[in-house]
Structure formats: structure tokens, C-alpha cells
Amino acid sequence: HFSKSLGQNFLVDYNIIEKIIRGAGITKDTNVIEVGPGAGSLTQGLSEAAKKVVAVEIDKKLIPILEDTLQGYENIKVINEDILKLDLHQLLKDEFDGGDIKVIGNLPYYITTPIIMKFLEEKVPVESIIIMIQKEVADRMNAKPGNKDYGALSVAVQYYCTTEIITIVPPTVFIPQPKVDSSVIKLNVLKEPKVKVEREDIFFKVVKDAFGKRRKTLLNALSSGDLQFNKDMVREVLKESNVDEKRRGETLSLDEFASIANGFVRRI
Ligand code: SAM
């Protein structure tokens, strides 16, 4: 009765549940949005530690199970919805009255990035996002320039957040067991993005182009990607940003990406 397509691996280890709750820094002043409570094992711990928990679960079949496990827990509200379809600003207004808001979830990898990016891009005022995901994806979010895991996802997440890996979790703490290790990663959402960019759309296009052609130099990647800037202009902008045109996207810091993107914005 597990749904593979919904990525349902349920946590069954109380030590890990405690570690997540401690690592997330949840207190009686914290409001929690839990994404994908499943059968509710993490939800119970969250309820005991937090002020209020709003748990959003897409799978209708799990709702009666959740109601059963969560009987007697007064500060929980279960919503049967796809989190991607919810108006999150409205949800915050309707459900919480003051205190920090943290988002927590043990998520299937295919939906993790869209869910995180929804909170970040829509600038939903949450203090942090703590998620358990495939270790490999957490490593990409956490990677620094020059690291083999550093890519467009690292830049997107680190534009909005500082990141910290809380713990690595073996497959044995889940039923059914996934094939790979998972990590719990904490994204501390910044009040303002990490770097100042004139236009976010251009910034993210530059990042996409720079990583799109991994083996190409920046000069080639930025003049042949979606942006289609001519070589002379790319050369000029890179020079102005003090970035050697032979470097590759994998080595660029957020500041360098921002400086390059702002250079293009001034010329278009
Ligand atoms: N949190 C539980 C645990 O740790 O035992 C369940 C984790 S399971 C990996 C992921 C859960 O997310 C499933 O219950 C699944 O139905 C739910 N889910 C998947 N996509 C979702 C979405 N778009 N919105 C809300 N819940 C979703």
C-alpha cells in the first residue's frame, strides 16, 4: 500500500526524527509547515516540539491513517492538497499568528526542487526550510564553487539561503528502504538575496548558460546559450567583471555571476 509514484518512504526511526527536530531548531514559538506527512511519524514529534503544525499531504488514502495517528494532538491541521497548488502566502495568513515559520519535509527527490523553489521564488516569508532528500541532491544544494557538485541548483539555492547539512541518513530508517543515502539539509532563508542583481531573470539565464555547456569556456558558453550575446559584448562584460574568459561556470562565485549578469543588463 505504498505509492511509488508519490515517493513514499516512511520514517520509522525515532532517533532520526528527534535529530531532525533538534537540528531544525524547533521550539514552542515555532510554526511548522510539514510537506508530505505520510503516515505522520515525524508529524507527531513536530507537534510535541512546535507551537502549531500545518501538514499538507497530497495522497487522499493517507488522510484517514493520519487522522488516526494524530488523534489527541491538538495543534495540528492536516490539509489534503498538492503543496504546489496552494497559495502559500494565503496559507500563512490563514493559519499562523506570529512566531517563526519553518518548512519541514521528507520529500521524494523529483518534487523537492519545485517545492523549495516555490517557497523561495514566491518569497514566502519563512525562516528556514529543512528537508530530507537524496544525499546527492543535498550535496548539490550545499556545494561551493569548484566542487564537482556545484551547479545551477547550488547557485539558485544559495542566492536565497545559507545551507547546512544536519545529518546523513542511511536507507535502513525507512520503510520501504530507498536505494541511496539521504541527507537532512537546512536552508536558512536570507532576508535579502545574497547578491545584488539588477534583473533576476537575466542572472538565472546567465547561470543556466554557464552551466549548460560544462566543457565550454565562459566566453563560448555565454555567447552560444539561450542569451545569444555576441562575443565582443561577452568579452567586454567578463573583462569588466575581472573574470577570465577561459574560466568555466563551475568555478564562479555568486558575486561573479551577479557582476556578469549586471554587466549584461547595462548593455541591453
Ligand atoms: N513524512 C513522512 C515520513 O517521513 O515518514 C512521509 C515521507 S514520503 C518520502 C513523502 C510524502 O510526501 C508522501 O506521503 C507523499 O504522498 C507526499 N507528497 C508527495 N508529493 C506531494 C505534494 N506535491 N504535496 C504534498 N505532499 C506530497
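All values reported here derive from a predicted model rather than from experimental measurement. (Residues numbered from 1 in each chain as written. Predicted model: local features only at pLDDT ≥ 70, side-chain atom pairs only at ≥ 80, totals over all residues. Heavy atoms only, no water.)

> In this structure, what is going on with the pairing of strand β9 (residues 182–189)? I would like to understand it.
For a regular strand, the rule is simple: side chains alternate between the two faces of the sheet. Within β9, 7 of the 8 residues are buried, leaving the element largely enclosed by the surrounding structure. Where strand β6 (residues 128–134) lies against β9, 7 bridges are found, and the strand directions are antiparallel. The residue of β9 that forms the bridge with S128 is N188. (Buried < 20%, exposed > 50% of the residue type's maximum accessible area, 1.4 Å probe, protein only. Helix = DSSP H or I, 4+ residues; strand = E, 2+ residues; numbered from the N terminus. Pairing = 2+ DSSP bridges.)

> Sorry, what's going on with the pattern of salt bridges here?
Opposite charge on two side chains permits pairing when their charged atoms draw close. Tallied over the entire structure, the rule returns 18 salt bridges. Across the salt bridge formed by R199 and D201, the nearest N and O atoms sit 2.7 Å from each other. Residue E240 pairs with R267 through a salt bridge whose shortest N-O separation is 2.8 Å. With E240 in helix α10 (residues 231–240) and R267 in the segment after α11 (254–265), the pair connects residues that are 27 residues apart, well separated along the chain. Overall, E240 belongs to the partly exposed group, its relative accessible area being 41%. Take R267: its relative accessible area is 28%, and that puts it in the partly exposed class. Through salt bridges with shared partners, a single ionic network connects E236, E240, R266 and R267. (Salt bridge = Lys/Arg side-chain N within 4 Å of Asp/Glu carboxyl O.)

> Would you take a moment to explain the site of the ligand for this structure?
Around the ligand, the surrounding shell holds 22 residues, and the nearest of these are L11, G36, E57, D82 and N106. A distance of 3.1 Å is found between a nitrogen atom of the ligand and a backbone nitrogen or oxygen belonging to I83. Between the ligand and N106, the relevant distance is 2.7 Å, taken from an oxygen atom to a side-chain nitrogen or oxygen of the residue. When the ligand sits alone it has 600 Å² of accessible area, and the protein chains cover 99% of it. Those elements giving two or more residues to the shell around the ligand turn out to be β1 (10–11) and β3 (52–57). Grouping the amino acids of the shell around the ligand by side-chain chemistry returns 10 nonpolar, 7 polar and 5 charged. (Near = heavy atom within 4 Å. Polar contact = N/O pair within 3.5 Å; in protein donor to acceptor, adjacent residues only side chain to side chain. Areas by Shrake-Rupley, 256 points an atom, 1.4 Å probe, with all protein chains shown as cover. Nonpolar A, V, L, I, M, F, W, Y, C, P; charged D, E, K, R; others polar.)

> Any chance you could explain helix α2 (residues 41–49) here in plain terms?
At 3.6 residues per turn, the α-helix brings residues three or four places apart onto the same side. Buried within α2 we find L42, T43, G45, L46, S47 and A49. Buried positions along α2 lie against α1 (14–24), β2 (31–35), β3, β4 (76–80) and β5 (101–106). (Contact = heavy atoms within 4.5 Å.)

> Help me out: how do you make sense of the packing of aromatic side chains in this one?
Aromatic rings in a pair are described by how distant their centres are and how their planes are angled relative to each other. All told, the structure shown has 9 aromatic pairs when counted by the stated rule. Ring geometry for F211 and F257: centres 5.7 Å apart, planes at 45°, overall tilted. Remark: F257 occurs in helix α11 and F211 occurs in helix α8 (residues 200–212); sequence separation between them is 46 residues. Among the aromatic side chains, those forming a connected cluster through ring pairs are Y159, Y160, F203 and F204. (Phe/Tyr/Trp six-rings, centres within 6.5 Å; stacked < 30°, edge-to-face > 60°.)

> Help me out: how do you make sense of unusual backbone geometry in this one?
Leaving glycine aside, a negative phi is the common case for residues, and trans is the common case for peptide bonds. With an omega of -15°, the peptide bond between I175 and P176 qualifies as cis. As for its placement among the helices and strands, P176 is situated in the loop between β8 (174–175) and β9. For Q228, which is not glycine, the phi dihedral falls at a positive 55°. Mapped onto the secondary structure, Q228 falls in the loop between α9 (218–224) and α10. We classify Q228 as exposed; its relative accessible area is 56%.

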